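As a plain string of letters, each chain reads:
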Protein chains: 2
Amino acid sequence: MPVRVPVPATGRGPAVSDHPTSDGRLRVTYRLTLEEGEQARMRALGIALEQTVGMPAAYLPRGLEEKVVGRVEEVEEIGERRVRAVVSYAPEVVGEDLAQLLDLLFGNISLQAGIRVVAVDWPPAILGRFPGPALGIAGLRERAEVRERRPLLCAPLRPLGSGAGALAELARGFAAAHVDLVKDDHSLANQPSAPFRQRVEACLEAVAGANRRTGGRTLYLPNLTGGPQDLARRVAWLREVGCPGVLVSPALLGWANVSWLARSSGLAILGHPSWTGSLFARDHGLAPELVLGDLFRFLGCDGVVYPNVGGRSRFDLRTCEAINRALRRPRGRIRPAFPVPGGGIDRSRVPLWIERYGPDTVFLLGSSLYAAPDPFEAAREVGVAMRGAGR
Amino acid sequence: MPVRVPVPATGRGPAVSDHPTSDGRLRVTYRLTLEEGEQARMRALGIALEQTVGMPAAYLPRGLEEKVVGRVEEVEEIGERRVRAVVSYAPEVVGEDLAQLLDLLFGNISLQAGIRVVAVDWPPAILGRFPGPALGIAGLRERAEVRERRPLLCAPLRPLGSGAGALAELARGFAAAHVDLVKDDHSLANQPSAPFRQRVEACLEAVAGANRRTGGRTLYLPNLTGGPQDLARRVAWLREVGCPGVLVSPALLGWANVSWLARSSGLAILGHPSWTGSLFARDHGLAPELVLGDLFRFLGCDGVVYPNVGGRSRFDLRTCEAINRALRRPRGRIRPAFPVPGGGIDRSRVPLWIERYGPDTVFLLGSSLYAAPDPFEAAREVGVAMRGAGR
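Residues numbered from 1 in each chain as written. Chains lettered and ligands numbered in written order. Predicted model: local features only at pLDDT ≥ 70, side-chain atom pairs only at ≥ 80, totals over all residues. Heavy atoms only, no water.

(A) Local environment of the relation of the copies chain A and chain B. Screw-axis analysis of chain A against chain B gives a translation of 0.0 Å along the axis, an RMSD of 0.0 Å, and a rotation angle of 180°. Look at the turn and shift together and you get a two-fold axis relating the two. Of every C-alpha in chain A, the one belonging to A:Gly254 sits nearest the axis of rotation, 1.9 Å from it. A shared interface surface links the copies, since 100% of the contact residues of chain A are contact residues in chain B too. (Least-squares fit on C-alpha atoms with pLDDT ≥ 70 in both. Contact = heavy atoms within 4.5 Å.)

(B) Looking closely at the pairing of strand 3 (residues 82-89) of chain B. Residues and elements named next belong to chain B. For strand 3, the tally of buried residues reaches seven of eight residues, placing the bulk of the element in the interior. Inspection of the sheet shows strand 2 (residues 71-79) paired to strand 3 by seven bridges, in the antiparallel sense. Residue pairing in the sheet places Glu76 in a bridge with Arg84 of strand 3. Between strand 2 and strand 3, which follow one another and run antiparallel, lie two residues, and Arg81 among them has a positive phi close to 60°. (Buried < 20%, exposed > 50% of the residue type's maximum accessible area, 1.4 Å probe, protein only. Helix = DSSP H or I, 4+ residues; strand = E, 2+ residues; numbered from the N terminus. Pairing = 2+ DSSP bridges.)

(C) Representation of the sheet that holds strand 3 of chain B in the model. All names here are of chain B. What the six strands build is an open sheet, ordered 2-3-1-4-11-10; its pairing is mixed. The sheet is open, and its two borders are formed by strand 2 and strand 10 (280-281), each paired with just one other strand. As judged from the eight bridges shared by strand 1 (residues 26-33) and strand 3, these two strands associate in the antiparallel manner. Across the sheet, residue Leu26 finds its bridge partner in strand 3, namely Tyr89. Seen against the sheet, helix 1 (residues 40-50) touches strand 1, strand 2, strand 3 and strand 4 (115-121) and runs at an angle of roughly 140° to strand 2. Packed onto the sheet, helix 11 (residues 288-299) meets strand 4, strand 10 and strand 11 (284-286) and runs at close to 40° relative to strand 4. (Axes fitted to C-alpha atoms, helices over the stretch in contact; angles between N-to-C directions.)

(D) Seen up close, the sheet that holds strand 3 (residues 82-89) of chain A. Residue and element names in this part refer to chain A. Strand order in the open sheet formed by six strands is 2-3-1-4-11-10, and the pairing between neighbours is mixed. The open sheet terminates on both sides in strands that have one partner only, identified here as strand 2 (71-79) and strand 10 (280-281). The strands that helix 11 (residues 288-299) touches are strand 4 (115-121), strand 10 and strand 11 (284-286); relative to strand 4, the one it contacts most, it runs at about 40°.

Put into structure tokens, the structure is as follows:
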């Protein structure tokens, strides 16, 4: 492929900064696996072209190359046929559109082998287009009336197939046990066994009743799905009935729909990782902390569920901690969001996880509660441990 | 994990049928890679539970197991630590919601290693919830006034960074050369270089002018992006200005948004595979023909762009032909859709590809046209070859 993109003469550059670059460009760091005989710099140039103009530089109209084509900033061999490359992009190639940002990050190159996006430096010009969490950690604490700096407990309503009444009884029990957040399992959509409105009404009422009795402030978060019309109708109705928030799966609901919710609904948003897992292969995709950390947070999730180390997922402790950091670190006006580790957390080990992950964490306990002789009593005990952690 | 799901005594069963099963269940065939010491049947049972109730069967309320948990129908060892397993699901666990269908197919298990969905038997109860293409192959032929049974030619407007006027000049040239479909590059969203409405107006006018002069009927398909409000406004406006169709990236725009377009917009829909590639790993994800064939078609794409064998993508000829088959095969009231192979198709080899893929194909030629001394003349020549193929 004929290429004419100017590149610095040296293959090595300074370590990638964790801070926005001063030139305002979006810097993307890739880890590449080369094919036999492939040249590292040519591969990086190929990505810089593919993700912007989609054609060889030789055929570009005059003047466009400098303005639009990604700029290869660094190319470094890090092993046999392994390369770390940094390409920077002008914010103007993204425009106002979140989908176009995802397209730039991993659109067409998702169809190529051996490319992993391992780091992104977000310039203010791009961060400014994201709403970020409407509540964030502080706002969700306020809504749940958790004033001490302690972790929060979240319990799911399961299983799919249960009627609205049975799910509401679970919600009532968890609320009475002072669980902070009670959320639908992400499989609960609008099935005939528990249609959306019927389920939400029953659960809201059950939780409100328990809150009145205990003086607590458990929040119920139903799973929100639907195409544009259903979505708008459901959100309007949720506000009408006083629902405090929702669970959403951004990769299924639509990325831009989540931002719309964050900007306009007033609902607390808990993000679920359903359907994102294929992005997290070892040599392909994006680093989990970029998707479940940065992107989910930027889109507007106040908390992000991820599969904790030790369950069936491929995440190790390092990955989980990287997600935690990405969700909490200062990002200008974009509020920090709660990490919500779930899956494979045994209730007996919660104190250890609190020590490891810290107080700005929501712990999602599912099977470990349901496996207890009395799930509500088990939840109450975990809650006591959490309140202890806040003192 | 304690499991009590009833399974047939034998590990082998009949070959998976290519037709909906008579019991109306959604049958999903997985290819699994087992971990050291893992039992095939336990792994399949784990999936059947994870994708439905999300908890071990031992803790399920009475009566739910039979109704809701996936049923392991077949488990067959096909190599060392390699297993083919078939699990069937009751349509009721999906309900009316397309996102929940995706969640059932590959939601939480996307976060586990070693699972690939290789086949799905779609029961009528689930197919009936998809709109399918509003036009399909026959309807798109009609809209483009291509009455003979010949392949169609599609050319992209590139590159990103060009102004609306420059893109419109390209559209005019391709339309004058009788290119059937002129589409935006999928990177064109609403960037300042060519804002959406300005670009669409200019290109529609340029194409209409060329059509008047030639008596032809080239269709211009802009790339459609945006959150729920932008989307609704843009679609209303596109109808107002007489735009015949759009390009969309379902994984970025939101799956349900595509169905909404198909049901209500009257626009022809060309689907783009941006962001889907990570689903197509060798031992993880879903078979490309399930996503770019079945799902994109069911959602409502009248044509589906995919990376043809020979470009930078990982698709081989077998995969491309499987996508073609999935898009065209009879599916009750769901209309067939055009395969749109693109990427790596050299204009000189188009006659060979026509022979291979047949007349119900849209050929997307990008770089091969732009690399020609005169792209419009090159397009005209390819068009002549296509018209020859229809005789």
